[in-house]
Amino acid sequence: MKLIAIAGGIGSGKSVLCRILSTMGYLVYDTDSAARRLMNLDELLRARLTDAFGPETYHPDGTLNRSWLAAKVFGRAEELKKLNSIVHPAVATHLMQWAQSVPAPVAFVETALINTGGIRPLVQGVWMVQAPVAVRCSRVMARSGLSECQVLQRIKRQAADDCPGVGDVPIVNDSCRPLLPQIIEALQTL
């Protein structure tokens, strides 16, 4: 099976592209959703997170205490690095298990962290979704209620993953250029 990453920073439009691909009948693995699910359900991952960050990592009912964990790691580079070093390998392992189990010649993986998340070595191609920073900011602010400053901080944190690599297929999602013709053209190269 050929696994293609749909990558790009926050607000670039990865999810829109993935919804279109899904509607076209392609299978799509969402790394963010998988990480949330695994952090709640995978016993080994839960134990590692509790060991690393303390019992407050999970609510008494066993669900992840997302707001507590976010406050603990964001803005603290070493803590965020520790969290990522625990969660990213678990997601990568789960992705590979998923890829081996799906009966499709081509599938896609949605990820904001193509490099730092360890996804690039696992895929046979990357479609890099791009949009101007102003467009990305307005999209994220509209859906999340974050301030422009908060969005720009997130964009800055993802900068290492937001640059296309050699051979990546650019997909421009600037609200001006139609997506569907770009998707069809990119599909023809597979």
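### Some thoughts on the pattern of salt bridges
Line of reasoning, step 1. In total, this model carries three salt bridges according to the counting rule given.
Line of reasoning, step 2. The partner of Glu79 in a salt bridge is Lys82, with the nearest N and O atoms 3.5 Å apart. On the criterion of helical spacing, the pair formed by Glu79 and Lys82 is a turn pair, its members being three residues apart in helix α5 (residues 77-101).
Line of reasoning, step 3. When its relative accessible area of 30% is taken as the criterion, Lys82 is described as partly exposed.
Line of reasoning, step 4. When the shortest N-O distance is used, the salt bridge between Arg120 and Asp168 registers 3.0 Å. Placement of the pair is Arg120 in the loop between β3 (106-111) and β4 (125-130) and Asp168 in the loop between α7 (148-157) and β5 (169-172), with a sequence separation of 48 residues.
Line of reasoning, step 5. For Asp168, a relative accessible area of 13% gives the class buried.

### Side note on the pairing of strand β1 (residues 2-7)
Line of reasoning, step 1. Among the six residues that make up β1, five are buried, leaving the element largely enclosed by the rest of the structure.
Line of reasoning, step 2. The sheet contact formed by β1 and β3 spans six bridges and is parallel. Each bridged residue has a counterpart across the sheet, and for Ile4 the counterpart in β3 is Phe108.
Line of reasoning, step 3. With four bridges joining them, β1 and β4 adopt parallel strand pairing. Bridge assignment links Ala5 to a residue of β4, and that residue is Val126.

Definitions and limits used
- Residues numbered from 1 in each chain as written.
- Predicted model: local features only at pLDDT ≥ 70, side-chain atom pairs only at ≥ 80, totals over all residues.
- Heavy atoms only, no water.
- Salt bridge = Lys/Arg side-chain N within 4 Å of Asp/Glu carboxyl O.
- Helix = DSSP H or I, 4+ residues; strand = E, 2+ residues; numbered from the N terminus.
- Buried < 20%, exposed > 50% of the residue type's maximum accessible area, 1.4 Å probe, protein only.
- Pairing = 2+ DSSP bridges.

Remember that the coordinates give geometry; whether it matters functionally is a separate question.
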